[in-house]
Amino acid sequence: MTRHFLRYGALSLSLLGFAHGQVDGTRIEVANLRQDVALLNQRVGELTMAIEQLTRENAALQAKASQSYVTIEQLNKSVAETNRALQAALADQKREVLQQVAGQIERLGKQTNAALDALAKNQATRPVVQTTFSEDFPKEGTNYTVVSGDTLSGIAKKTGGKLADIRNANKISDDTKIRVGQTLFIPQGK
């Protein structure tokens with residue numbers, strides 16, 4: 001029996017040692033779990049504080065947003081009022097411009113009428129130029145191109161031609177009708 005006891009005693013000691021080792025391992029695991037739980041509790045606390053801060057910031061932003069944003073209906077009313085004001089301003093400006101233009105046209109009309117009256121008076125006092133042309137002019141001569149500032153009498157002096165011959169050769173009934181770039185035949189001799 002003693003032998004049996006020793007054998008069982010050794011077994012129980014070894015079991016006891018194993019159990020003691022298991023208890024130490026379990027204690028370590030429990031300690032590790034407790035440390036993990038403490039770290040998790042700390043992290044949950046940090047996250048809770050962050051959520052509370054975000055909730056406060058969100059509430060503040062929503063308060064600002066409700067103060068600064070307008071509804072679509074308010075925006076449409078504002079746009080419609082702006083359009084009405086713009087149309088009224090454009091109509092007023094258009095009336096002013098039309099009144100100014102009408103005044104300028106009236107002044108221009110008066111000036112034009114005065115200029116036409118002066119021209120008509122000048123035409124009435126001007127000597128009548130012969131309207132029938134004679135073929136009695138020298139058939140030999142030169143060509144002359146009219147330049148700016150030329151008059152028919154000035155061309156006659158420059159070229160040494162006779163004014164009547166130049167009129168007849170070029171069939172000119174009005175001395176003012178010559179134009180720059182026009183080529184005239186200047187009869188020479190006789």
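A quick note: this is a predicted structure, and the numbers were derived from the prediction, not measured.

Another point: the overall build of the protein. Along the backbone of the protein there are 4 helices and 2 strands. If you list the helices and strands of the protein from N to C, you get α-α-β-α-α-β. The 190 residues of the protein split such that 11% are buried. A separation of at least 24 residues holds for 71% of the contacts in the protein among residues at least 6 apart in sequence. Here the protein displays about 15700 Å² of accessible surface, and carbon together with sulfur accounts for 59% of that area.

If you look at the biggest cluster of nonpolar residues, it comprises 10 residues: Tyr 144, Val 146, Leu 152, Ile 155, Ala 156, Ile 166, Ile 172, Ile 178, Leu 184 and Ile 186. Per element, the largest residue contribution to this core is 3 residues, and it comes from helix α3 (residues 152-159). Leaving out residues up to four positions away in the same chain, Ile 166 has contacts with Leu 152, Ala 156, Thr 159, Gly 161, Phe 185, Ile 186 and Pro 187.

Right, let's get into the packing of α3 against helix α4 (residues 163-170). Interhelical geometry of α3 versus α4 gives an angle of 110° and a closest axis separation of 9 Å. Taken as axis vectors, α3 and α4 run roughly perpendicular relative to one another. When you trace α3 past α4, the crossing you get is right-handed. Along the contact surface, α3 presents Leu 152, Ser 153, Ala 156 and Thr 159, while α4 presents Leu 163, Ile 166 and Arg 167.

Moving on, we get to a nonpolar patch on the surface. Nonpolar side chains collect at one region of the surface, where Val 97, Val 101 and Ile 105 lie side by side and expose about 240 Å² of accessible area between them. With respect to the secondary-structure elements, Ile 105 resides in helix α2 (residues 72-125).

In this section: the packing of aromatic side chains. Summed over all chains, the structure comprises 0 aromatic pairs. A cation sits over an aromatic face here: Lys 139 above Phe 137, 3.8 Å from the ring centre.

Taken as a whole and assessed by the stated rule, the structure comprises 8 salt bridges. Across the salt bridge formed by Lys 171 and Glu 135, the nearest N and O atoms sit 3.0 Å from each other. In this pair, Lys 171 is assigned in the loop between α4 and β2 (183-187) and Glu 135 in the loop between α2 and β1 (141-145), connecting sequence segments 36 residues apart. Where Asp 175 meets Arg 167, a salt bridge forms, and the shortest distance between an N and an O atom there is 2.6 Å.

Tracing the sequence through the fold places Asp 150 in the loop between β1 and α3. The class of Asp 150 is buried, set by a relative accessible area of 14%. A distance of 2.7 Å separates polar atoms of two side chains, one belonging to Asp 150 and the other to Tyr 144. Only 2.8 Å separates the side chain of Asp 150 from the side chain of Lys 158, close enough to count as a polar contact. With sequence-adjacent residues up to four places away left out, Asp 150 is seen in contact with Tyr 144, Thr 145, Ile 155, Lys 158 and Ile 178.

Attention now moves to α4. Every buried residue belonging to α4 is among Asp 165, Ile 166 and Asn 168, and all of these are buried. All buried residues of α4 fall inside an arc of 165° around its axis, so they share one side. As for α4, its buried residues are in contact with α3 and β2. Looking one or two places after α4, you find Lys 171, whose phi comes out positive at around 50°.

Cut-offs used in this document
Residues numbered from 1 in each chain as written. Predicted model: local features only at pLDDT ≥ 70, side-chain atom pairs only at ≥ 80, totals over all residues. Heavy atoms only, no water. Helix = DSSP H or I, 4+ residues; strand = E, 2+ residues; numbered from the N terminus. Buried < 20%, exposed > 50% of the residue type's maximum accessible area, 1.4 Å probe, protein only. Contact = heavy atoms within 4.5 Å. Areas by Shrake-Rupley, 256 points an atom, 1.4 Å probe, with all protein chains shown as cover. Core = buried A, V, L, I, M, F, W, Y, C linked by side-chain atoms within 4.5 Å. Axes fitted to C-alpha atoms, helices over the stretch in contact; angles between N-to-C directions. Parallel < 35°, antiparallel > 145°, perpendicular 65-115°, else oblique. Left-handed = near helix turned anticlockwise from the far one by under 90°. Patch = residues over 30% accessible without salt bridge, like charges linked within 9 Å, V, L, I, M, F, W, Y side chains within 5 Å. Salt bridge = Lys/Arg side-chain N within 4 Å of Asp/Glu carboxyl O. Phe/Tyr/Trp six-rings, centres within 6.5 Å; stacked < 30°, edge-to-face > 60°. Lys NZ or Arg CZ within 6 Å of the ring centre and 35° of its normal. Polar contact = N/O pair within 3.5 Å; in protein donor to acceptor, adjacent residues only side chain to side chain. Arc of directions from axis to C-beta.

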